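# Chain and residue survey
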Amino acid sequence: MKALYIGIYSNGTTSKMRADMLGRLLGDKYDYKVIDTDIPFFKASRLWRSVAFRFKTGPLTARINRFVKNNAREAQYELIWVDKSIRHSIIWSCRAICCKGFTLIIFNSYLRS
């Protein structure tokens, strides 16, 4: 079975800690892959980072979605973990890289009203 983590995977972040723990919990039962969304984020200008972070839109959001699709293209995943750092638009990318009957987990440590 194949599992995928989508989120920030930079040293010292709680997102990386969650990804590492998920990998340990899955053990040898899953072929586990991580897609680090910080890679396209840090290649963008500070202006586009700010727009993407505050408004969840703009060219950086589209670039991150393409990055995820391109890096997950070779496999069909039964389990996908989308970390809190990623927002709604990535869910549509997940639909394109999953097989039928997949489980999508969206981790969000807070709720907005």
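Let us look at the structure shown here. Here the structure is a predicted model, which means the values were calculated and not measured.

Right, let's get into the packing of aromatic side chains. As enumerated under the stated definition, the model contains 1 aromatic pair in all. Ring plane angle 80 degrees and centroid distance 5.3 Å describe the contact between Phe-41 and Phe-42, whose orientation is recorded as edge-to-face. Over the face of the ring belonging to Tyr-9 we find Lys-16, whose NZ or CZ atom lies 4.6 Å from the ring centre.

What follows covers the pairing of strand β3 (residues 77-82). Burial analysis of β3 places 5 of its 6 residues in the buried class, the great majority of the element. Bridge count between strand β1 (residues 2-7) and β3: 4 bridges; the pairing is parallel. Residue pairing for β3: Ala-3 is matched across the bridge by Leu-79.

Counting through the fold element by element, Gly-7 comes out in strand β1. Residue classification places Gly-7 among the buried residues on the basis of a relative accessible area of 0%.

Between the first and last C-alpha of helix α1 (residues 14-26) there are 18 Å, a value that for 13 residues agrees with the 18 Å anticipated at 1.5 Å per step. Residues Ser-15, Lys-16, Arg-18, Ala-19, Leu-22 and Leu-26 constitute the buried set of α1. Projected onto a plane normal to the axis of α1, the buried residues spread over an arc of 160 degrees and lie on a single side. Of the exposed residues in α1, the ones pointing more than 90 degrees away from its buried face are Met-17, Arg-24 and Leu-25. For α1, the elements touching its buried residues are β1, β2 (31-36) and β3. Once α1 finishes, Gly-27 follows within two positions and takes phi at roughly 60 degrees, a positive value.

Let us now look at the nonpolar core. Of all hydrophobic cores here, the largest spans 13 residues; its most connected members are Leu-4, Ile-6, Tyr-77 and Ile-80. For this core, the elements supplying multiple residues, two or more each, are β1, α4 (59-72) and β3. It is α4 that provides the largest number of residues to this core, a total of 4 residues. Residues Leu-22, Leu-26, Leu-79 and Trp-81 belong to the second largest nonpolar core, which totals 7 residues.

Parameters at a glance
- Residues numbered from 1 in each chain as written.
- Predicted model: local features only at pLDDT ≥ 70, side-chain atom pairs only at ≥ 80, totals over all residues.
- Heavy atoms only, no water.
- Phe/Tyr/Trp six-rings, centres within 6.5 Å; stacked < 30°, edge-to-face > 60°.
- Lys NZ or Arg CZ within 6 Å of the ring centre and 35° of its normal.
- Buried < 20%, exposed > 50% of the residue type's maximum accessible area, 1.4 Å probe, protein only.
- Helix = DSSP H or I, 4+ residues; strand = E, 2+ residues; numbered from the N terminus.
- Pairing = 2+ DSSP bridges.
- Expected span 1.5 Å × (residues − 1).
- Arc of directions from axis to C-beta.
- Contact = heavy atoms within 4.5 Å.
- Core = buried A, V, L, I, M, F, W, Y, C linked by side-chain atoms within 4.5 Å.

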